[in-house]
Amino acid sequence: MFVSEKIYVAGHRGMVGSAIVRTLLGQGVRQQDIITRTHAELDLCNQAAVRAFFAQERPSQVYLAAAKVGGIHANNTYPADFIYDNLMMQANVIHAAHTYGVQKLLFLGSSCIYPRLASQPMSESALLTGTLEPTNEPYAIAKIAGIKLCESYSRQHGRDYRSVMPTNLYGPGDNYHPENSHVIPALIRRFHEAKLSGAPEVAIWGTGTPKREFLYVDDMAAASVFVMNLNEAIYQANTAPMCSHINVGFGSDVTIAELAHAVGTAVGYQGRITFDATKPDGAPRKWMDSSRLNALGWQATVGLQQGLTLAYQEFCGE
């Protein structure tokens, strides 16, 4: 399936992009057939630069994993950055891919595209049926636009541009910034530092009651390659022209309190875990309905405790 393919992975230094590269190499793609560019080499917000890149490289497949991402704090602090950068990257890459003859493209979105109070688990058909979570609405709007870009180029121009919507991801290559990270890397860092300092207590933002689903990033990468390489007729038979995206989840969720204790176990922290109810919780629950993907033959393989242990080992440089 990969013979003579030039595959561009946008965002190859990010957590998901790097996992996609690992997966492609593991499935027999030659290193020289995978095209990558760092941000310093190619600014995806620069339309002229993106067009020049596609004109020169002429990839036959594109994995669009590049994005500006962050947790609740980052989304609340930099909403303009999140909507502008993501809209520009997506529009530039998808349009240039079409302009220079790329027939197959996979766009990676986010579970935040769904309404804040969507029925659980969230099915693909829940898109655009309600109000988004306010703390990351600009990012969600950008990701919805990415889905609709793929659908529109497929409908108008006959392209095979697909979208996958992952649940919350974690694992190698995650962002462990003390303020701008997602919940699992933030917790890993905090528990690690508490363990080193001998802190008797770690206080977690929020009540601990919201429920979240988490997927190890190498499972997400495997799902991405799986969806990209589905027969086009099979993909179309399991989606719809105006609902073409596919959810990728683990299959079950946990409370933030349960997650905190699982991270504490993975890190080896022995102190107390408390919750600060004055801090925002975000959406009460985000659990993906992955039955569409499961019916096509894909299942997650890495359990949460195993994945957290692997993530902590990578954080420690092991």
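Anyway, here's the lowdown on the structure attached to this text. All figures in this text were calculated on a predicted structure; none of them were measured in a lab.

Parameters at a glance
Starting from 1, residues in each chain are numbered consecutively following that chain's sequence as written. Selection of residues for local features in this predicted model requires a pLDDT of at least 70, selection of side-chain atom pairs for listing and counting requires 80 or more, and totals for whole chains, interfaces and linings are taken over all residues. Hydrogens and water molecules were not included; the side-chain quantities draw on all heavy atoms of the structure. Counting from the N terminus, the helices are the DSSP runs of H or I reaching at least four residues and the strands are the DSSP runs of E reaching at least two. We take the radius of gyration over the C-alpha atoms and set the globule estimate at 2.2 Å times the residue count to the 0.38 power. The cut-offs for exposure are 20% and 50% of the maximum accessible area for each residue type, with area from a 1.4 Å probe on protein chains only; residues under the lower value are buried, those over the upper are exposed, and the others partly exposed. Whether two residues are in contact is decided by their heavy atoms, any of which lying within 4.5 Å being enough. Exposure was quantified through the Shrake-Rupley algorithm and a 1.4 Å probe, taking into account, for residues, occlusion by the shown protein chains and nothing else. When charges are counted, Lys and Arg contribute as positive and Asp and Glu as negative, whereas His and the chain ends are disregarded. We put the charge of a Lys on NZ, of an Arg on CZ, of an Asp on CG and of a Glu on CD. In the sections that follow, a salt bridge refers to a side-chain nitrogen of Lys or Arg positioned within 4 Å of a carboxyl oxygen of Asp or Glu. Multiplying 1.5 Å by the helix residue count minus one yields the expected span of that helix. A pair of strands is treated as paired once DSSP finds two or more bridges between them. Here a polar contact means two N or O atoms within 3.5 Å. Within protein one must be a hydrogen donor candidate and the other an acceptor candidate, and residues neighboring in sequence count only if both atoms are side-chain atoms. Cavity and pocket criteria rest on a 1 Å grid covering protein atoms alone: a 1.4 Å probe that fits but cannot get out defines a cavity, protein on both sides within 12 Å along at least 5 of 7 lines defines an open pocket, and an atom within 4 Å of a point defines a lining residue. Grid points are joined across faces, edges and corners, and a volume is the space filled by probe spheres set on the points. In this classification, Asp, Glu, Lys and Arg are treated as charged, Ala, Val, Leu, Ile, Met, Phe, Trp, Tyr, Cys and Pro as nonpolar, and every other residue, Gly included, as polar. Side-chain atoms within 4.5 Å link the members of a nonpolar core, which is a set of buried Ala, Val, Leu, Ile, Met, Phe, Trp, Tyr and Cys residues.

### Observations concerning the overall build of the protein chain
What the protein chain contains, in helices and strands, is eleven helices and 13 strands. Taken over C-alpha atoms, the radius of gyration comes to 19 Å for the protein chain, in line with the 20 Å a tight globule of 318 residues would show. Projected onto the principal axes, the alpha-carbon positions of the protein chain cover approximately 60 × 40 × 40 Å. Within the span of the protein chain, comprising 318 residues, buried residues form 52% of the whole. The contacts of the protein chain with a sequence gap of at least 6 include a subset with a gap of at least 24, amounting to 83%. In the structure as shown, the protein chain presents an accessible area of about 13500 Å², 52% of it carried by carbon and sulfur atoms. Where the 25 positive side-chain charges of the protein chain centre and where its 27 negative ones centre are 4 Å apart.

### With respect to the side chain of Thr 255
Tracing the sequence through the fold places Thr 255 in strand β11 (residues 254–255). Thr 255 gets classed as buried once you look at its relative accessible area, which sits at 17%. Other than its neighbours up to four places away in sequence, Thr 255 contacts Gly 208, Thr 209, Pro 210 and Lys 211.

### Some details on the pattern of salt bridges
Scanning the entire structure with this criterion turns up eleven salt bridges. With a closest N to O distance of 2.8 Å, Arg 116 and Glu 133 form a salt bridge. Of the two residues, Arg 116 is situated in the loop between β4 (104–108) and α5 (137–157) and Glu 133 in the loop between β4 and α5; the sequence distance between them amounts to 17 residues. Owing to a relative accessible area of 9%, Glu 133 belongs among the buried residues under this scheme. In this structure, the salt-bridge partner of Lys 211 is Asp 253, at a minimum N-O distance of 3.7 Å. One end of the pair, Lys 211, is in strand β8 (residues 211–212); the other, Asp 253, is in the loop between β10 (245–248) and β11, with 42 residues separating them in the sequence.

### Looking at the environment of Ser 110
Structurally, the position occupied by Ser 110 is in the loop between β4 and α5. On the basis of relative accessibility, which here comes to 13%, the residue Ser 110 falls in the buried class. Counting along the chain gives 137 residues from Ser 110 to Asn 247, while the straight-line C-alpha distance between them is 9.0 Å. Beyond its immediate stretch of four places on either side in the chain, Ser 110 contacts Tyr 139, Lys 143, Met 165 and Pro 166.

### Some remarks on helix α6 (residues 183–197)
With 15 residues, α6 ought to run about 21 Å at 1.5 Å a step, and its terminal C-alpha atoms sit 21 Å apart, in line with that. Along its buried surface, α6 packs onto β6 (168–170), β7 (201–205), β9 (214–216), α9 (256–267), β12 (272–276) and α11 (304–315). One or two positions beyond α6, positive phi appears at Gly 198, with a value near 75°.

### Observations concerning the sheet that holds β11
In a beta sheet, neighbouring strands are held together by backbone hydrogen bonds and run either parallel or antiparallel to one another. Sheet architecture is open: three strands sit in the order β11-β8-β13, paired in mixed fashion. Looking at strand neighbours, the two that pair on one side only are β11 and β13 (285–286), the edges of this open sheet. In this structure, β8 lies alongside β13, joined through two bridges in parallel fashion. Within β13, the residue paired with Lys 211 across the bridge is Arg 285.

### Concerning the side chain of Arg 292
Its location among the elements puts Arg 292 in helix α10 (residues 291–295). Of note is the side chain of Arg 292, whose polar atom sits 3.3 Å from the backbone oxygen of Cys 243. Other than its neighbours up to four places away in sequence, Arg 292 contacts Glu 124, Asn 238, Thr 239, Cys 243, Ser 244, His 245 and Ile 246.

### Describing the layout of surface pockets
Estimated volume of the second largest pocket: approximately 240 Å³. If you trace the second largest pocket, you find 15 residues lining it, with Ser 154, Tyr 235, Gln 236, Pro 241 and Ser 244 closest to the centre. Where the lining of the second largest pocket is concerned, the elements lending two or more residues are α5, β5 (160–166) and α8 (232–237). A per-element tally of the lining of the second largest pocket places α5 first, with four residues. Of the residues belonging to the lining of the second largest pocket, the class tally is five nonpolar, five polar and five charged.

### Remarks on the nonpolar core
Core analysis: the largest hydrophobic core is formed by 40 residues, its most contacted members being Tyr 8, Leu 44, Phe 54, Leu 105, Tyr 114 and Tyr 161. Among the secondary structure elements, those contributing two or more residues to this core are β1 (7–10), α2 (47–57), β3 (61–64), α4 (79–99), β4, α5 and β5. Residue contacts for Tyr 114: discarding those within four places in its chain leaves Met 122, Ser 123, Glu 124, Ala 126, Leu 127, Leu 132, Met 165, His 245, Asn 247 and Met 288. Counting 31 residues, the second-largest nonpolar core is a separate cluster that includes Leu 106, Val 164, Leu 215 and Val 225.

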